[in-house]
Structures are given as C-alpha cells and as structure tokens.
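Chain residues, written in single-letter form:
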Amino acid sequence: MDSSRGSSDELKRTNKGRSKTNCMAKENLLKQKSPAEFFAENKNIAGFDNPGKSLYTTVRELVENALDSAESISQLPDIELIIEEITKNKFNTMIGLVDRQRVDEELYDDFETTKAREKRLAKEARMQEIQAKNVALGKKLKEPPAIKSGKGRGEASFFKVTCKDNGRGMPHDEIPNMFGRVLSGTKYGLKQTRGKFGLGAKMALIWSKMSTGLPIEILSATRGQNYASFCRLDIDIHQNIPHVHLHEKRENKDKWHGAEIQIIIEGNWTTYRSKILHYMRQMAVITPYSQFFFKFIAGISEKNLTIRFARRTDVMPPAPLETKHHPSAVDILLIKRLIAETSKQTLQQFLQHEFVNISKSYAERLVGEMGPDFGPKMAVKNLTSHQIVRIHQLFRQAKFDDPSGDCLSPAGEYNLRLGIIKELQPDMVATCSSSPQVFEGHPFIVEAGISLGGKDVKQGLNIFRFANRIPLLFEQGADVVTRTAMKKINWSSYKINQMQDKIGVFVSIVSTKVPFKGTGKEYIGDDITEISSAVKSAIKQCCLQLRSKIVKKLQARERQERKRNLTRYIPDASRAIMDVLEEMAQNYEPKRQRYDKEDDELLNKIASKEITETTFGESLSQYVEQVDYEMALEYATQSGASEEPREPIYLSSLEGSYSYVDLHSPVFVFRLIT
C-alpha cells in the first residue's frame, strides 16, 4: 500500500510539472491580432464609445461615403438617410428568438425591492403634494423630474440605418472586400479625404456584428449598368475577411446608379438625437450643393421626424487631387516604401519624379551634397539603410519651395456663404478664404465665415468647425477655432458684442494631412503656429468686413433717427412759424417798405391763404427728405458706391441640357452659357 501511495504522489508531481510547463509554453506563444480584431477591441478609437455615439458615427460614416461617391463623378449629391427604431419584440422576431417570461425576478438588474418601491412612491407623493400647493398659490409649475426608466443594462435599443445615394456605385466583385476587410479601400494616398481612419462603413459592420450579430446589406450599381449588385455579408473579425451570405445580380430597369446600404445596430437615439441633427445641419452648410432627406421612424408615430435639407446651388468644388510627397514631410520608413514602389531606375530620377518641388538641376545638387558614395546614375534599389538615413537627414536640412495648394478642394467662399445663409438666415454674413499655406510640408487652406443674427442661434459665440469639409462636434473647447475665437479676437473693436449678439463662427480647414489631436480625432490643437495664425487672420478678415457693414448700418440708423426726429417736430414747427407769419401779415402795410420783395410776396400769400399751415408742413417735409437724400448720396459716394438707382433683374432658369463656364468670385459665381 505504501509503495502504491508513493507512486501516486510521484505521478501527481509529474502531472503538476507538465501543466506548469504547458502554461509557460502558452504564455511564451507569439499571438497575432487582425486589424478587424484590433478595432473591435478598441472601438472607441473609431468613435464607437457607446451605443449613442456608435449610432452617430455610423450615420456620419455612411453620409460621408455617399458624398465622396457622388462627388467623385461630379454628380450633385442626393442622399437619403432613414433611421428606423426596432423594438425588442421585432428584433427578436428578426433573429428568430422567442421571448420568455421571467422566472426569477430578483435575477434581473431592474428588479425593485419592496423597500425601494415604497421609497420611490413616497417621493412621488411628496412631489405631487408640492405641485398641488404651487397650483393653489398660483405659482408657475415646474417640470417634474423624469422618472427613471426601468430598463436594465441588458435591454438595448436597436435601429435600422439606411443610406441611399446617387454616386459612383461599386464594382460587383469588389463589394465583399470593400466592406468586409478592414484597412482596404480606394482612398489611401496623399490627398485631401473626408475619412479619419479609412474605415468607412467597415467599423459600423464590426459594431453591428458585436451588438446584433446581423449582416449588412448592400445594393449598388454603376453608371450605365443594366443590373444592380446585391450583397449580404458580415465580417470574420479574427481573420479580417468577409463572410458572404448572398451575392447576386438583380435587374436594374431604371438604370439607377449609386449605393444603398442597410445596417442594424444597437444605438441610443434619445441622447444623440441633437448631435445627429446638428451634424446634418452643418453638413448642409458646408455642402449647399447637396440635397439631404432625413427621416426618423420611431416606435410611436408621434415621435416620427422628417427633415429635408434642400439644395441651394449646383456649383460643386473641384475634386481633390492626389499629390506627391514633399521632401520635408517624409520619414525613413516612407522613403523606403517609395523606393520599393518606384518604377524609376536611378537616384536622380527617383528624387525628381517621386517628390514635389525637386527639379532635375536641384536633384543633381542634392545628390552632389550627399557625399562621394552617391551618384546621379546609381541604382535607387541598391541604396543601403545608411544611405537612406543620409537622404532623410539632407531632406530635413535642405531648403525646398513650399507645396502649392492646387491639390486641395476647399468648399469655396461662394458655397460657404450660401450654406450659412440657407441654414441660419442671418442678418449679416462675411466670408474669407486664405491663400494656400504650409505646415510640416503639407499644404492647407483656411476658410472662415462670421454671421450675426439668424434663426436657432443662441446669444454669444456659436462655433461651427469643419475639417476636410466634415463637421466636428466633439471636444470643442480644446480646438484651435474655439480658443482663437474666445481668447484671441477683440470682438468689441469690430462693433460686435461677444455676450449679447448672436455670433456664428464658421471655420473650415482642408489639408492633405489634418493634424487632429486625441484618439477620437475630433479637434485640431492650437499648438501649430501656422494653422493658429491662419485661423486668426481669416476670422479677423471677416470681422473687418462686418465692421464696415455694421458702421454703415449704424449710420443709416442715425440718419433715420434724425429724419424721424425732424419729421416729428414738423407739425409743431409749422404751427409756430405760421402763427408768427400770420401776425406779421395782419400788421403788414404795403405802402411802407419794411421788408424785401420776397418777404412781401410771402406775406401776401399768407394773407390770401395761398400758403397755409398744411402746405407749409408739406414744404418742410420735402426739405427734410431732400437733405436726407443728399447726405446719403454724399456718404455713398465717399464709400465708393454708385449713386445710380438700382433696379431688380430677374433671370429665368434654363431648361434642358446646356454647356457653360463658371467664373468664380468670393461672393458669387457668374455662369457663362455657351
């Protein structure tokens, strides 16, 4: 028995040692994560922090993709967005889940104990008693505090989001990879893009898989295509590959082109309703050439919402162009990638054709400065790591011309002004666009607009921020636009009251690289001097325009007030003067030459009742009008305005197709029909 017990203990020690060895082996095993798996675990990076923010980000991604798609083929965007609330019962029916009644109530998060229920009822009774006393005393009733919902953590809200556009559409065979493979797409490259991460609707698909487990549905067709591609798919997060449920071609009789994307996700409309509506409104401001139809379908019909943001113009900004890298903006890794991808054979050709602002002669000078180990004809593919480091160091120290802003596509002063007027209907508006400027080798353009008054605008500063023509709604306090408008602009010097006036501050920054701060990329810091100075300068230019308008308005108001005061005293002045003149007329003796000839004529007319108090008042009124007109004319002449009267001109719209040339100005676009 002792020997068997000993062997048993020894076997246990052996097994224990093996398990420790296996654990250590597992700990030392190298693991990998796919891009989809990384973003699923760090979804807050892409703006999917919580159900409410996830609903907002899904809407934003779908709308921006739709805009990009339409603009890429110079098609005026016509976008339809529908958010439909799905009840728990309907969702369970969709996934084939049968509802079960609760068996153990205490197991659930929303369970209310008897003591807690008594406490809640007592509190509600006290509130009702206070309300009754206020009614008896005639006091204004306050809104009773909202009763906490009994919804537990496990009971979520679901929404079906559908976005339809009239854009380019997607090739049939590319649809699965475009939606089901993270970090794959058509927008990579050095150019101005709306996206922040290049995820697009892929992150929405990942969130859908995490929150509902349901696939995404895509219907798409390209121009002239006689069929529409339908695809239902989800994503294999661990392998980062699409999982296609159905992929087929359907009839397209209407020759429709574009994409319609439908996805069901968990969300929270109540807390992010205002953010979504603000986003749509600001998108209508920055893209007045687009038409948006927004509809929210609630579980209760009274809460349904429909808004149409109409198109105001058919003038679209040019599409952004892909550009080459500026030498001062590259790092060692990027230089190695460019060498691997280039089709050029020699170092001189590589420098001349893969970077901007390096001419043939300048490339020769750079190669000569690199040292004896370099030559213009040396094979670029044979460069060693040390030689690449030397090239990088020279790029950091050498002098290069700044890149031009030709590759950028700002909204344009004309569109920005139209958008502000269309959505806010302000009393005054001024816009400004800066010339292309550069930070860290990347070109950027700042556009600004300042409005005064308008609908749905609160008193004080109302900040509207845009980056690459998309609204930024979060982390506003740390943004360069907010800090500049709040702390670096002396509004009173421009006749603007920062606290009482309704001021709208619109700033749009476009660049090949927007220097976002934070993981969510929701704001631009004020630590980049070039951007901060450009924003301040653009806002000041707008303020100068407004000050001129405000001064003119104040002077016009002063003239009106002066005219009003003079007109107010005309009856009294007429009466007093006529009393004096009538008394003089009564004592008038024609034989005695006491007055001039003109005075004699005046007294004779008064005596004969040819001039009365009424006619005298009319003459004074005409004189006041004449003086007011002469003062206004003198001011207009000094201000450079034409003294000729203005007449309205009405132009009828042209029907059918026609060719034209647009001549752009900061405040209007002149279309020449050819």
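This is a predicted model, so every value here is computed, not measured. (Residues numbered from 1 in each chain as written. Predicted model: local features only at pLDDT ≥ 70, side-chain atom pairs only at ≥ 80, totals over all residues. Heavy atoms only, no water.)

With that settled, consider the overall build of the protein chain. The number of helices and strands found in the protein chain is 17 helices and 18 strands. Burial analysis of the protein chain (674 residues in total) assigns 41% to the buried set. By sequence separation, contacts in the protein chain at least 24 residues apart represent 74% of the contacts at least 6 residues apart. (Helix = DSSP H or I, 4+ residues; strand = E, 2+ residues; numbered from the N terminus. Buried < 20%, exposed > 50% of the residue type's maximum accessible area, 1.4 Å probe, protein only. Contact = heavy atoms within 4.5 Å.)

With that settled, consider a nonpolar patch on the surface. A surface patch of nonpolar side chains, about 360 Å² in accessible area, is lined by V661, L663, F670 and L672. Of all the secondary-structure elements, those providing two or more residues to the nonpolar patch are β17 (660-664) and β18 (669-673). Secondary-structure assignment places L663 in strand β17. (Patch = residues over 30% accessible without salt bridge, like charges linked within 9 Å, V, L, I, M, F, W, Y side chains within 5 Å. Areas by Shrake-Rupley, 256 points an atom, 1.4 Å probe, with all protein chains shown as cover. Salt bridge = Lys/Arg side-chain N within 4 Å of Asp/Glu carboxyl O.)

Moving on, we get to the pattern of salt bridges. Applying the stated criterion across every chain yields a total of 18 salt bridges. Across the pair E41 and K33 runs a salt bridge whose closest N-O atoms are separated by 2.4 Å. A residue is classified by how much of its surface remains accessible, and E41, at 46% relative accessible area, is partly exposed. With a closest N to O distance of 3.9 Å, R60 and E522 form a salt bridge. One end of the pair, R60, is in helix α3 (residues 51-71); the other, E522, is in the loop between β15 (516-517) and β16 (523-524), with 462 residues separating them in the sequence. Taking relative accessible area as the criterion, R60 reaches 3% and is therefore assigned buried. What you see here is one network of salt bridges that share partners, running through R60, E61, E64 and E522.

Our next topic: the sheet that holds strand β4 (residues 227-236). Backbone hydrogen bonds are what pair the strands of a sheet, in a parallel or an antiparallel way. Strand order in this open sheet of 8 strands is β5-β4-β3-β6-β2-β1-β7-β8, and the pairing throughout is mixed. Of all strands in the sheet, those bounded by a partner on one side alone are β5 (241-251) and β8 (305-309). Looking at each pair of strands side by side, their axes are set apart by 15 degrees on average, direction ignored. Note that strand β7 (residues 291-297) and β8 share 5 bridges and pair antiparallel. In the strand pairing of β8, F294 is matched with I307. Against the sheet, helix α4 (residues 88-95) contacts β1 (78-86), β2 (157-164) and β6 (258-267), and its axis sits at roughly 100 degrees relative to β1. (Pairing = 2+ DSSP bridges. Axes fitted to C-alpha atoms, helices over the stretch in contact; angles between N-to-C directions.)

Time to look at the environment of K495. Examined against the element boundaries, K495 turns out to sit in the loop between α14 (480-487) and β14 (502-511). Between the C-alpha atoms of K495 and L554, which are 59 residues apart in sequence, the distance is 9.9 Å. K495 has contacts with D501, R547, I550 and V551, leaving out every residue within four places of it along the chain.

It is worth spelling out α14 at this point. Restricting attention to buried positions, one finds in α14 the residues V480, V481, T482, T484 and A485. Elements in contact with the buried residues of α14: β12 (460-467), β14, β16 and α15 (529-586).

Moving on, we come to the packing of aromatic side chains. Enumeration according to the criterion identifies 15 aromatic pairs in this entry. Relative to F355, the ring of F350 lies with its centre 5.5 Å away and its plane at 90 degrees, an arrangement referred to as edge-to-face. For F350, a relative accessible area of 0% corresponds to the buried category. Residue classification places F355 among the buried positions, given a relative accessible area of 2%. Through a chain of ring-to-ring contacts, three or more aromatic side chains come together here, namely F350, F355, Y362, F395 and F400. Sitting over the face of the ring of Y227, K249 holds its NZ or CZ atom 4.6 Å from the ring centroid. One residue, R250, lies across the ring of F230, its end atom 3.8 Å from the ring centre. (Phe/Tyr/Trp six-rings, centres within 6.5 Å; stacked < 30°, edge-to-face > 60°. Lys NZ or Arg CZ within 6 Å of the ring centre and 35° of its normal.)

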